[in-house]
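# Notes for the structure review
Chain residues, written in single-letter form:
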Amino acid sequence: MDSPLTQQARPEIFEPKVVGLYKRLFTNVHDDEIPQGFWAELFLLRPDLPRLQQVLENADSGLLIQSQHHSHQLLIQSIAALKLGRPPADEHALDTLTVFFAVVLAKRYSNPSSDIIEVVAGLENVDAVFSELVASLDSIIRKDDGDVSLRLKAVRTAIAVVSGGYQTALVSYFVNRDFFPAIMRLVQQLDDPLQATEPILLVGLLANHGKFEAHNPYQVRFADFVNEKAMIRVAESVGQLSSMLRAQYIAVQDDTPLAWSVAGTLSYVGLGALAGAKPTQPVFTEEQQRDMFTKLPGPEASTLVTVYDFALANKLFCRRFVAWEATDKEEPPPFSAFISFTSYLYQHAFRAARASSYAYLTLLILFILVEDAAIAKLLCETTTPVRLCRQRPPFLPLPRNDRSYAAAIIDLLADGINHNLRKRLDTAFYAQTLTVLSRLLTYLARSRTKLQYHWSELWRSLLSFVRFLNQYAEDMHTVPGTTQLVQSLVELLALALAGGEALLPDETAYDDLFYKLVESGDAFVKLRNTYQLGKPDEKKAAINTLIGVSQHYQEVIESHRAKKEHLSPREIQKIIRQGYDTLNVEAQREDQVQGRGFREADIKSEVKRFLKVIVADAVVLVSAPRVT
């Protein structure tokens, strides 16, 4: 239908003027001269970021290379707007650049490194242009009296460039500029800790760029950092982030234990509004849940890479992270929230490679914490409620009272073992799980810390893993790393046997461990033969220690059966206790069980694997336009 005023055809869908400007930039290859008024208008108009993203996604890499002069002008004019600092042009320029970099850098190019530089700045001008861009972003972020919203937008623009161009030389401009002080000041000044997650992510991305190939100044910054207020702010931010990530899992399947209350009763009969009850959460089918769980955790989890870097380099941060209590008593302490989220992550780690990568990353964080004796002591002494995932059976017992962090960590590790058993076993996840358990049990035995915990559940999980490895041995032989994993499992059980008296709370718990090991004698023999763990006469082999204990008690029990055919479980337990005097357990050397201290270079390929996931998620995080 024609307009009655202009007699021209009306567009089928109304198109904001700013969208027309986007199309002129990225679809009109032959429009060489763009007047200055165009840029003034572009940055004055409110951005339509979803439409800008659509226009850029529709432009293939070939078109962008052809129209590179437009991209060059966009970047130069945006920098000019940032340096001038006049609202709303500076804010609109940042929003536009964030979407531009997030989309353009993610495209496939014939020669990625050179083509990307050619598109965004030109090979001849890239040094001057990107030096100005980085200086402008740094200036905005470090402006203490500046608009917080603008400073956060500058962070998002930096993330878009760094994550999108992670495999190019563009990131070196950011690595060589020290953003760390400005970002830590910003983190400290933000009212909402959750707003700090993206600035924290940015320093993590910069710290991990080329870390195995060249010196990275951000690694030194992490090690030398002593600002406790900023550390606490980082811990609070990670705590709130963890609660948000956990909420994503609960939104798919609510595993909150139902308490019998007035509100619950009224909700049951349809009168929940009278008690202020929350509206009923939608219930999804199993297939819907499966699809939704596969996409979790959200890309916000990428911020956890910075927690890893802090933990690896800075013991003061580790202490603050574990010990800090929430300022709001309605909220869990940061570390409690972190463990809680991790338990949900571990129950679903098998669903996707992304989830597995994040599970491995969090296991490294736990490993670094328990490896340090002072932090391990803190984990054993700090008691607080921790909500652990109960979305998939088998369920571990619900604790009746507040427990130590150490007990909660053992629970989530046992859950991880129970819920990720697959023929294509994630050996990296399981190996790291056993390593964390080994370090924690070693500390408990050394310090003679008798931890209150339902130990029988841990032994049940580990011995179920033994049976799984026996049952699916043919499949396991095709999975890389299986033999070393089986050896680690056997050494962990031998460690528990040798150190049980020092770490288990009472004789009953120690008897239960022996009882379960005696029951598993045949399984241990089969495991030794299947995975060639040692010759039967090899005394120092951990598997032979386990088999020897089982055989010793089998002989003692059989001698009692000669006198009485049927023995009750209580009688067998009594026999086990009496048999300690005649038992000779070959203690495992600490270096056999514990191995050497954590060295990142030993797991270079695994670190690169999860960094690849984190960088991709950082791109997704800033690719979602935020309407302002």
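Residues numbered from 1 in each chain as written. Predicted model: local features only at pLDDT ≥ 70, side-chain atom pairs only at ≥ 80, totals over all residues. Heavy atoms only, no water.

## Focus: the overall build of the chain
- Each helix and strand in the chain was counted, giving 32 helices and two strands.
- Looking at the chain as a whole, 53% of its 628 residues qualify as buried.
- Long-range pairs, those at least 24 residues apart, make up 78% of the contacts in the chain between residues at least 6 apart in sequence.
- Of the roughly 29000 Å² of accessible surface on the chain, a fraction of 52% belongs to carbon and sulfur atoms. (Helix = DSSP H or I, 4+ residues; strand = E, 2+ residues; numbered from the N terminus. Buried < 20%, exposed > 50% of the residue type's maximum accessible area, 1.4 Å probe, protein only. Contact = heavy atoms within 4.5 Å. Areas by Shrake-Rupley, 256 points an atom, 1.4 Å probe, with all protein chains shown as cover.)

## Description of the confidence of the model for the chain
- Here the chain shows a mean pLDDT of 88. Residues at 70 or above account for 86%.
- Taken together, the stretch residues 3-8 has pLDDT below 50 and engages in six contacts with residues farther than four places along the chain or on a different chain. (pLDDT = per-residue confidence, 0-100.)

## Regarding the packing of helix 20 (residues 353-371) against helix 21 (residues 373-381)
- Look at helix 20 against helix 21: their axes get within 5 Å of each other, and the N-to-C directions meet at 100°. The pairing of helix 20 with helix 21 is recorded here as roughly perpendicular in orientation. Of helix 21, the residues touching helix 20 (which contributes Leu369, Val370 and Glu371) are Ala373, Ile375, Ala376 and Leu379.
- In the contact of helix 20 with helix 21, the residues fall into six nonpolar, no polar and one charged. (Axes fitted to C-alpha atoms, helices over the stretch in contact; angles between N-to-C directions. Parallel < 35°, antiparallel > 145°, perpendicular 65-115°, else oblique. Nonpolar A, V, L, I, M, F, W, Y, C, P; charged D, E, K, R; others polar.)

## Describing helix 2 (residues 36-44)
- When helix 2 is considered as a whole, its buried residues turn out to be Phe38, Trp39, Leu42 and Phe43. Axial view of helix 2: buried residues confined to an arc of 115°, hence all on one face. For helix 2, the exposed residues set more than 90 degrees away from the buried face come down to Gln36 and Leu44.
- The inward-facing, buried residues of helix 2 abut helix 1 (17-27), helix 5 (68-84) and helix 6 (89-104). (Arc of directions from axis to C-beta.)

## Some points on the nonpolar core
- Core analysis: the biggest nonpolar cluster contains 211 residues, and Phe101, Phe130, Phe335 and Trp455 have the highest contact counts within it.
- Non-local contacts of Trp455, meaning those with residues more than four positions away in its chain, are made with Ile410, Leu441, Leu444, Leu503, Leu504 and Pro505. (Core = buried A, V, L, I, M, F, W, Y, C linked by side-chain atoms within 4.5 Å.)

## Section: the environment of Leu504
- With respect to the helices and strands, the residue Leu504 is situated in the loop between helix 26 (482-503) and helix 27 (507-519).
- Sequence-wise, Leu504 and Ala445 are 59 residues apart; in three dimensions their C-alpha atoms are separated by 8.7 Å.

## A word on the pattern of salt bridges
- Using the criterion set out here, one finds 23 salt bridges in the structure.
- Salt-bridge contacts for Arg221 lead to Asp178; the nearest nitrogen and oxygen are separated by 2.5 Å. Of the two residues, Arg221 sits in helix 13 (residues 217-224) while Asp178 sits in the loop between helix 10 (170-175) and helix 11 (180-189), which places them 43 residues apart along the sequence.
- Using a relative accessible area of 34% as the deciding quantity, one classes Arg221 as partly exposed.
- Note that Lys377 is salt-bridged to Glu381, the shortest N-O span being 2.7 Å. You can see Lys377 and its partner Glu381 sitting in helix 21, four residues apart, about one turn around the helix. (Salt bridge = Lys/Arg side-chain N within 4 Å of Asp/Glu carboxyl O.)

## Things to note about the packing of aromatic side chains
- In this structure the tally under the stated criterion is 29 aromatic pairs.
- Between Phe225 and Phe310, the ring centres sit 6.1 Å apart and the planes meet at 50°, which makes this aromatic pair tilted. In this pair, Phe225 sits in the loop between helix 13 and helix 14 (228-252) while Phe310 sits in helix 17 (residues 304-313), placing the two residues 85 residues apart along the sequence. Like Phe310, Phe225 is buried.
- Here the aromatic cluster, defined as three or more aromatic residues joined through ring pairs, consists of Phe180, Phe222, Phe225, Phe310, Phe317, Phe321, Phe335, Phe338 and Tyr405.
- The cationic tip of Arg422 hangs over the ring face of Phe350; the distance from NZ or CZ to the ring centre is 3.9 Å.
- One residue, Arg609, lies across the ring of Tyr360, its end atom 5.9 Å from the ring centre. (Phe/Tyr/Trp six-rings, centres within 6.5 Å; stacked < 30°, edge-to-face > 60°. Lys NZ or Arg CZ within 6 Å of the ring centre and 35° of its normal.)

## Digging into the environment of Thr27
- As for its placement among the helices and strands, Thr27 is situated in helix 1.
- Thr27 gets classed as partly exposed once you look at its relative accessible area, which sits at 47%.
- For the pair Thr27 and Leu64, spaced 37 residues apart in the sequence, the C-alpha separation amounts to 8.7 Å.
- Reaching out from Thr27, the side chain makes a polar contact with the backbone oxygen of Lys23 at a distance of 2.3 Å. (Polar contact = N/O pair within 3.5 Å; in protein donor to acceptor, adjacent residues only side chain to side chain.)

## Regarding unusual backbone geometry
- A cis amide bond links Pro87 with the next residue in sequence, Pro88, at an omega value of -5°.
- Relative to the helices and strands, Pro88 is located in the loop between helix 5 and helix 6.
- Across the junction of Pro393 and Pro394, the peptide omega takes the value 0°, indicating a cis bond.
- As for its position among the elements, Pro394 is in the loop between strand 1 (383-384) and strand 2 (403-404).

## A few points about the packing of helix 2 against helix 5
- At a minimum axis distance of 11 Å, the contact between helix 2 and helix 5 shows a crossing angle of 65°. In this structure, helix 2 crosses over helix 5, and the sense of that crossing is right-handed. Here Gln36, Trp39, Leu42 and Phe43 of helix 2 lie close against helix 5, whose contacting residues are His70, Gln73, Leu74, Gln77, Ser78 and Ala81.
- Per-class residue counts for the contact of helix 2 with helix 5 are five nonpolar, five polar and no charged. (Left-handed = near helix turned anticlockwise from the far one by under 90°.)

## Notes on the environment of Asp224
- For Asp224, the position within the fold is in helix 13.
- Along the sequence, Asp224 and Asn314 sit 90 residues apart, while their C-alpha atoms lie 7.6 Å from each other.

## Observations regarding the side chain of Ser461
- Counting through the fold element by element, Ser461 comes out in helix 24 (residues 455-471).
- In contact with Ser461, other than residues within four places in its own chain, are Ala414, Ile417 and Asn418.

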